[in-house]
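Chain residues, written in single-letter form:
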Amino acid sequence: MSKKKVGFVTLVTITIAIIITLFYEFDLFGVSPSVMKGVRWLTAAVLVLNALVRKNLTTWIMTCLVLGVFVGLDFPDLAIAMHPLSQGFIKLVKTIVGPILFATLVFGIAGHSDLKSVGRMAWKSMLYFFCATTCAIFIGLAVINITKAGVGVDIEHMPHEELPTTSAVSVADQKVLDHIAKEVHGVYKFNAFIRDTFPENIVKSVYENKVLQIVIFGVLFGIGLAMVNEKKRKPLVDFTESLSEAMFKFTNLVMLFAPIGVGAAMAYTVGHLGVDILKNLFMLLMSLYIALIAFLLLVLFPVALYLKVPVKQFINAIKEPVSIAFATTSSDAALPKAMENMEKFGVPRKIVSFVIPTGYSFNLDGTSLYLSLASIFVAQAAGIELSIGQQLLIAFTLMITSKGVAAVPRASLIVLIATADQFGLPTFVIAAILGIDELMDMARTSVNVIGNCLATVVVAKWEGEFDESAAENPNFLEVEK
């Protein structure tokens, strides 16, 4: 059967399945659960046939994502038992992060010996990151103040989970903070953040997946290597070039496991939380998704149009890493593929290897938006009235304290808890939010990846180094680099 015929059958099947699902959800025409189960698995069979015909990795990832939802709905215990597969996929991807960052950064800097361009990339990236995250924070504040999702929430019937015990402040730092005036706590925390960006041991940084520390080491090593004479520099430059090429090929091999990892992650999410969780805290969940969509349409999309970025091609470049980020709720899992695809899209490797990793600490658009929105939701649910000035103070405190903790599990919740304590907001409401955090994490992580991918194009255009011909090639993802 041809791709066109299979595509038509798939479209018709999905449309009918959606209509029957709506009948079931709104209790129309007496659709029974057993009928719904049959509809789901008939749809699954058609989706698998479509994926087999198309033989495309992205199609397989999206198909397995949907299959994961079905497994989670109909076989929740089996779905939870599949969780180790998604964990294994993320662990495998994390083995790529350290070597690929180090190799691409060092080659990008030392291979061209243009130290001025590194400085230009740094300040341009930081300026863009600051503007993007500030817009995200304001949109988050605007949406939660319009929807007032926390007002009138029945806290007693919210799903309660155990709060993470990890603190955003280390034990040693907390001891220091206990012995100094509160007026200088912010200064100390900022200086502690600067301190923690410097690696004491690069092997330890790679082991702990400290992205920012790897970036700092890679930049300094690359600058140092660029200052060495040509004869002594060449062997290491050639080594890092070979290592980066090998790691991109390694990424392609690991991505063959992506459909299984993504499907298992989605199955676990639905099986563990249950689809009914969507009905709890519905307003907060919808407020977040509305705010994230508004950010994409009002900030990122106009930026892309202004810079004349081929939007359709850009979507093709990011859809695979974004789908991985959505299902696994891990930015790290999407990083290697995002770097590879943006390079094929026309962004020079030296810019990709600097902007995306740095953005993982400084350009978390989705997380910044979520933090501003969730903090005001907590206040609304607790019946605490906050002035605009107080809301802005909380939001910008969150923006600063969230930097550099991207690799920490449940990082955004940890930062939210620490900030809630600081401003006297009740943490028991955050415990309720934890019940749907997985669903919110999918969206905010996806927006983080989209924002960082677009940032590479912005900097490349700003530097005048964007390859327009590569971006306009309809088969650019198939081009070997």
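Calculation notes
- Residues numbered from 1 in each chain as written.
- Predicted model: local features only at pLDDT ≥ 70, side-chain atom pairs only at ≥ 80, totals over all residues.
- Heavy atoms only, no water.
- Salt bridge = Lys/Arg side-chain N within 4 Å of Asp/Glu carboxyl O.
- Helix = DSSP H or I, 4+ residues; strand = E, 2+ residues; numbered from the N terminus.
- Buried < 20%, exposed > 50% of the residue type's maximum accessible area, 1.4 Å probe, protein only.
- Axes fitted to C-alpha atoms, helices over the stretch in contact; angles between N-to-C directions.
- Parallel < 35°, antiparallel > 145°, perpendicular 65-115°, else oblique.
- Left-handed = near helix turned anticlockwise from the far one by under 90°.
- Contact = heavy atoms within 4.5 Å.
- Nonpolar A, V, L, I, M, F, W, Y, C, P; charged D, E, K, R; others polar.
- Expected span 1.5 Å × (residues − 1).
- Phe/Tyr/Trp six-rings, centres within 6.5 Å; stacked < 30°, edge-to-face > 60°.
- Lys NZ or Arg CZ within 6 Å of the ring centre and 35° of its normal.
- Core = buried A, V, L, I, M, F, W, Y, C linked by side-chain atoms within 4.5 Å.

Caption draft 1: Seen up close, the pattern of salt bridges. Within this structure, the stated rule accounts for 16 salt bridges. Note that Glu463 is salt-bridged to Arg120, the shortest N-O span being 3.1 Å. With Glu463 in helix α21 (residues 437-463) and Arg120 in helix α6 (residues 115-147), this residue pair connects regions lying 343 residues apart in the sequence. According to the relative accessible area criterion, Glu463 is buried, its value standing at 13%. The salt bridge partner of Asp196 is Arg195, with a shortest N-O separation of 3.0 Å. It is possible to trace a salt-bridge network through shared partners that takes in Glu320, Lys337, Glu340 and Lys344.

Caption draft 2: Summary view of the packing of helix α3 (residues 57-74) against helix α14 (residues 311-328). Between α3 and α14, the shortest axis-to-axis distance is 10 Å and the interhelical angle comes to 20°. It follows that α3 is roughly parallel to α14 by the angle criterion. Between α3 and α14 lies a crossing of left-handed hand. For the pair formed by α3 and α14, the contact residues are Leu57, Thr58, Ile61, Met62 and Leu65 on the first element and Lys319, Glu320, Ser323, Ile324, Phe326 and Ala327 on the second. Grouping the amino acids of the contact of α3 with α14 by side-chain chemistry returns seven nonpolar, two polar and two charged.

Caption draft 3: Focus on helix α2 (residues 33-54). The end-to-end C-alpha separation of α2 is 31 Å, in line with the 32 Å expected for 22 residues at 1.5 Å each. The complete set of buried residues in α2 reads Met36, Val39, Arg40, Thr43, Ala44, Val46, Leu47, Asn50 and Ala51. Packing partners of the buried residues in α2 comprise α1 (3-25) and α3. Looking one or two residues beyond α2, the residue adopting positive phi is Lys55, at roughly 50°.

Caption draft 4: The arrangement of the packing of aromatic side chains in detail. This model, assessed by the stated rule, comprises nine aromatic pairs. Taking 6.1 Å as the distance between ring centres and 65° as the angle between the ring planes, the aromatic pair formed by Trp41 and Phe70 counts as edge-to-face. You can see Trp41 sitting in helix α2 and its partner Phe70 sitting in helix α3, a full 29 residues away along the chain. Accessibility expressed as a relative area gives 11% for Phe70, which makes it buried. Between Phe89 and Phe257, the ring centres sit 6.1 Å apart and the planes meet at 50°, which makes this aromatic pair tilted. Of this pair, Phe89 sits in helix α5 (residues 83-110) while Phe257 is found in the loop between α11 (230-255) and α12 (258-273), placing the two residues 168 residues apart along the sequence. We classify Phe257 as partly exposed; its relative accessible area is 27%. Each residue in the set Trp41, Phe70 and Phe75 is aromatic and connected to the rest through ring pairs, giving one cluster. Sitting over the face of the ring of Tyr370, Arg444 holds its NZ or CZ atom 4.0 Å from the ring centroid.

Caption draft 5: A look at the nonpolar core. Residues Phe89, Phe314, Met342 and Phe345 are the most contacted members of the largest nonpolar core, which totals 109 residues. It is α21 that contributes the most residues to this core, 14 residues altogether. If near-sequence neighbours (up to four positions away) are discounted, Phe345 is found in contact with Val309, Pro310, Gln313, Phe314, Ala317, Val457, Phe466, Asp467, Ala470, Ala471 and Phe476.

Caption draft 6: Up close: the packing of α5 against α11. Contact geometry for α5 and α11: axes closest at 8 Å, N-to-C directions at 150°. When the interaxial angle is binned, α5 and α11 end up roughly antiparallel. α5 and α11 meet at a crossing whose hand is left-handed. For the contact of α5 with α11, the residue count by class is 18 nonpolar, five polar and two charged.

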